Amino acid sequence: MALKIASRFRRLLQRPGSIDLGPYERLTQLVGEAEESVLSLTDEELTEAVAELRTTGGLHEDEQIEFLALARDAGRRAIGERAFDGQVVGALAMLQGRIVEMATGEGKTLAGAIAAAGYAVGGRRVQVLAVNDYLAQRDAEWMGPVYELLGVTVGHVGQASTPEERREAYQAEVCYVPVNEIGFDVLRDRLVTDVADRVTVEPDVALVDEADSVLIDEARVPMVLAGATRSEALDDDVVQLVRTLRAGVDYEIDGDGRTVGLTDRGTDKVEEALGARAAAVAAEQAATEADKTDADDEAVAEPERPRFNLYDDENLDRLTQVNVALHAEVLLRKDVDYLVRDGKVSLINNNRGRVAKLQRWPDGLQAAVEAKEAVPVSDSGEVLDSITVQSLIKRYKSLCGMTGTAVVVGESLQEFYEVDVAVVPPNKPNIRKDDEDRLYLTVEQKNAALVKHIGVVHETGRPILIGTHSVEESEQLSDKLEAAGIPHVVLNAKNDAEEAAIIAEAGVPGTVTVSTQMAGRGTDIRLGGKDESHDKEKAVELGGLYVIGTGLHASRRLDDQLRGRAGRQGDPGGSLFFASLADELVTRYSVSSGLRPHPDETGRLTDRKSIGMLEHAQRVADGANAELHRTTWQYNRLTGQQRAILLETREKVLTEDLAATELAERAKERYEELVDEVGEDVVKNAARRIALGHLDRRWTDHLAYLADLREGIHLRSLAGGIVHLKPIDEFNKSAIASFDTLIEDAWKDAVETFGDAEITADGLDEEASGIPRPTATWTYLINDNPFGTEADRILGRLRNAIKPESAAEPEEILDEEFDEDDLPEELRDVDDEDLPEELREADEEESGKKKD
């Protein structure tokens, strides 16, 4: 009853997650009644009954009821799992195009399979988008017997799948595929020169697993197809030079830790070193040209050399190398931002705490990190095409999905994808106990209290799952636990291949598991272990799984995902998060002016104002990420529209005789001459390949132009004077002007090439004709631009002018009695107006209590 009242209240307020489940619940009751007639069917009869429901126009309500009754029993027969009413409600909501929120352990995988099969029986083709290879393969194989009993074909795609395997899997009615793989396949298909080389099919229904992670967290990360290999290796002298620079003297780091730049002194030092190097090289070349033969001759006097200016146009490459080398050396941290293993630099996915396969940094930064770690420089090249997850999803006619945390991002899902959230109540009431966050003044005090608390809980034998934010943090905590004599296992990006086995046993009494991000792990934690045979009763008696967070995430949704690992299917459980005012979340996203912390002897803070600051920082971080998503989408929207126009022309060239028609009209004599020499079919094929080559070449150049344009578009805003110029408007204006003649220019290039192309009876010689295809292509994801934009940097400087870099040092507050002189100057009472409204209210409330 309480759930229904809360749901109606949310709907009244028009809040996300307010979809009325009433109609679905009524249909679920009818499904239960229809199920009775299904139980007596043989397996063959059940399959035949589903076949009779097949249609091409989607299942109507009565057909949905009958199908769901059959599907529910198919799950019971095939894998021993009869869908709960909540799973049926979830399947119905997905069949209606909703994003379903179901708690961890509530059976999203089966609910998704039933919905996917329902779409397939209704004549639709479904692609279930997973977050990684492991989950795509696991779910396809796990649910395979259910699909087989329902007469629905299923396949899966992984990173190691061959083109033929991919083609076959996509042809299935339901295909499980990692979102990155379908994105890469789409990019490759856009560059084929023969229709037979395509592997994907026309997009129809996307059913997204871990929908919030895929649709929100990763929506702005571009997937890239690259080609035309070139080396981005940094000069070793630049790498070595950067290592001699000193923080605060030769370079300064922005307050938010996102950018770093040379000081005047640092610039002088770099110019002196590079100038001396350039002079030495010049002298060596001069000596070689003079062909000196007498080694005893005096060295030629070095001529007076002009001052080396790092910012001259001719030294742009050097300046770029210095900047990326400095960024790699100072700001990117091993075991936090990346790992080094097997002689390669691998990025870490911040959302999942695991290695981000096929992901790299742009703009030479990848090569800078590789030089920093002294590993071989990986191949790089020009971007042939790219697509964001959001643009990829927009291709589908229908969208639905499932996750454990959707309500928090409900507004974003509606804004960017026009889908609503349906919150399905758990099959059994959630009895997990979530304790209030424990806030400390410093990181050291937080960690001391954290380890002590883990030790106290561990002594009782209660299973503990500890969520950390990075590989580095997990290993530091592991060292502290080891020093405290607390046995434990660690799951992070260094051993993610073992994750399923480690996580599955985290519910065994006495177990302490330290893990990085839990989003997308895809493995339930059952009390008593995977088969519930290791003292499950004892785990229940002890209070179930106890989840501990070492700090709040930038989004409350990620906190909820970690909490949700406890209390599965009505099991007991608990959660507690530790935080400090020196955590990055607070120092980066909150304002500490006017704060009067009163820690106890352990450094713990309990006053409303300090706690309010923590909550405010998380809301600001959530809003900042949403704004970044919104901005990224604005910049990519026009590019997507232009790509669609280009692809429409390219599709006609690929599948029709558009190229032959255009070239026959624009170069009539040459066309007729070639037809007489080698035949019309050969000429048509040559014309097609020439046109495709130049369309692709022009698009590649356009993408490079847009990348440069976006990097510097802020300068137009600053140059606007009294008239404020919005960067996005200026970007769109220039992008439109650049694209306006792109297709026509491609045709002109094609005509020019056609006039001189080497075309024989064997076809077109692309290399000799000047339109070679890339000798190799590869795919990767571009990490979020680590440099930020100049606008980001300007705003950062303004923000940091009113926000100190840290809250307070432990030695500056010695006891409960507060004396303003004990605080550093920046924390003294300058103006409470600097505080957010909710913190001022908290302060007033706290003051009122003290007066009482």
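Preceding this section is the structure that the text describes.
Residues numbered from 1 in each chain as written. Predicted model: local features only at pLDDT ≥ 70, side-chain atom pairs only at ≥ 80, totals over all residues. Heavy atoms only, no water.

Undergrad: Even after reading the chapter, I still don't get the packing of aromatic side chains, so can you show me in this structure?
TA: Two numbers describe a pair of aromatic rings. These are the distance of the centres and the angle of the planes. All chains considered together, the criterion is met by five aromatic pairs. A ring pair is formed by Tyr147 and Tyr176, whose centres lie 6.2 Å apart and whose planes are at 70°; its orientation type is edge-to-face. Of this pair, Tyr147 sits in helix α7 (residues 133–150) while Tyr176 sits in strand β4 (residues 174–178), and the two are 29 residues apart along the sequence. We note that Tyr147, like Tyr176, is buried. Geometrically, the ring pair formed by Tyr671 and Phe754 is tilted, given 6.2 Å between the ring centres and 35° between the ring planes. In this pair, Tyr671 is assigned in helix α25 (residues 668–678) and Phe754 in helix α29 (residues 742–756), connecting sequence segments 83 residues apart. The exposure class of Tyr671 is buried, given its relative accessible area of 8%. (Phe/Tyr/Trp six-rings, centres within 6.5 Å; stacked < 30°, edge-to-face > 60°. Helix = DSSP H or I, 4+ residues; strand = E, 2+ residues; numbered from the N terminus. Buried < 20%, exposed > 50% of the residue type's maximum accessible area, 1.4 Å probe, protein only.)

Undergrad: Before we go on, may I ask you to explain the environment of Gly551 in this structure?
TA: Turning to its location among the elements, Gly551 is positioned in the loop between β21 (545–549) and α21 (556–563). Its relative accessible area of 4% is what places Gly551 among the buried residues. Separated by 27 residues in sequence, Gly551 and Phe578 place their C-alpha atoms 5.3 Å apart. Beyond its immediate stretch of four places on either side in the chain, Gly551 contacts His469, Asp559, Phe577, Phe578 and Asp583. (Contact = heavy atoms within 4.5 Å.)

Undergrad: Quick question: what am I supposed to make of empty space enclosed by the protein here?
TA: To find the voids left in a structure, one rolls a probe of water-molecule size over its atoms. Evaluation of the coordinates by the stated rule reveals six cavities of 30 Å³ or more. In terms of lining residues, the largest cavity is bounded by Arg190, Leu191, Asp385, Arg643, Leu646, Leu647, Arg650, Asp696 and Trp699. Elements that contribute at least two residues to the lining of the largest cavity include exactly α23 (608–655) and α26 (680–712). Broken down by element, the lining of the largest cavity gets its largest block of residues, four residues, from α23. Among the residues making up the lining of the largest cavity, the classes are represented as four nonpolar, no polar and five charged. (1 Å grid on protein atoms, 1.4 Å probe; cavity = no way out; pocket = protein on both sides within 12 Å on 5 of 7 lines; lining within 4 Å. Points joined across faces, edges and corners; volume = space filled by probe spheres on them. Nonpolar A, V, L, I, M, F, W, Y, C, P; charged D, E, K, R; others polar.)

Undergrad: Honestly, helix α17 (residues 443–459) in this entry has me stumped. Any pointers?
TA: For an α-helix, 3.6 residues make a turn, and residues three or four places apart therefore share a direction. End to end, α17 covers 24 Å across 17 residues, agreeing with the expected 24 Å (1.5 Å per residue, within 8%). Along α17, the residues that are buried comprise Lys446, Asn447, Ala449, Leu450, Val451, His453, Ile454, Gly455, Val457 and His458. At its buried positions, α17 is contacted by β17 (438–440), β18 (464–467), α18 (471–483), β20 (512–515), β21 and β22 (573–580). Gly461 occupies a position one or two residues after α17 and carries a positive phi of about 90°. (Expected span 1.5 Å × (residues − 1).)

Undergrad: How do you make sense of the environment of Thr661 when you look at a structure like this?
TA: Relative to the helices and strands, Thr661 resides in helix α24 (residues 658–666). A C-alpha to C-alpha distance of 9.9 Å links Thr661 and Tyr671, two positions ten residues apart in sequence. Looking at Thr661, its side chain comes within polar contact range of the main-chain oxygen of Asp657, at 2.9 Å. (Polar contact = N/O pair within 3.5 Å; in protein donor to acceptor, adjacent residues only side chain to side chain.)

Undergrad: Explain the sheet that holds strand β2 (residues 126–130) here, please?
TA: Spatial ordering of the open sheet is given by β3-β4-β2-β5-β14-β1-β15, a layout of seven strands whose pairing is parallel. Edge positions in the sheet fall to β3 (154–156) and β15 (421–423), since each has one partner strand and no second. Going from strand to strand, the sheet's axes swing by 20° on average, the running direction of each strand aside. The pairing of strand β5 (residues 205–209) with strand β14 (residues 398–403) spans five bridges and is parallel. (Pairing = 2+ DSSP bridges. Axes fitted to C-alpha atoms, helices over the stretch in contact; angles between N-to-C directions.)

Undergrad: Honestly, the pattern of salt bridges in this entry has me stumped. Any pointers?
TA: For the structure shown, the criterion picks out 40 salt bridges. The network of salt bridges with common partners includes Glu35, Arg72, Arg82 and Asp85. (Salt bridge = Lys/Arg side-chain N within 4 Å of Asp/Glu carboxyl O.)

Undergrad: Is there a simple way to explain helix α9 (residues 179–189) in this structure?
TA: The buried fraction of α9 is high, at ten of eleven residues. Within α9 the residues assigned to the buried category are Val179, Asn180, Glu181, Ile182, Gly183, Phe184, Asp185, Val186, Leu187 and Asp189.

Undergrad: Looking at this structure, I do not really get the environment of Leu53. What am I missing?
TA: As for its position among the elements, Leu53 is in helix α3 (residues 43–53). Residues Leu53 and Gly122, spaced 69 residues apart in sequence, show a C-alpha to C-alpha distance of 7.9 Å. With sequence-adjacent residues up to four places away left out, Leu53 is seen in contact with Leu59, Glu63, Glu66, Phe67, Leu70 and Val121.

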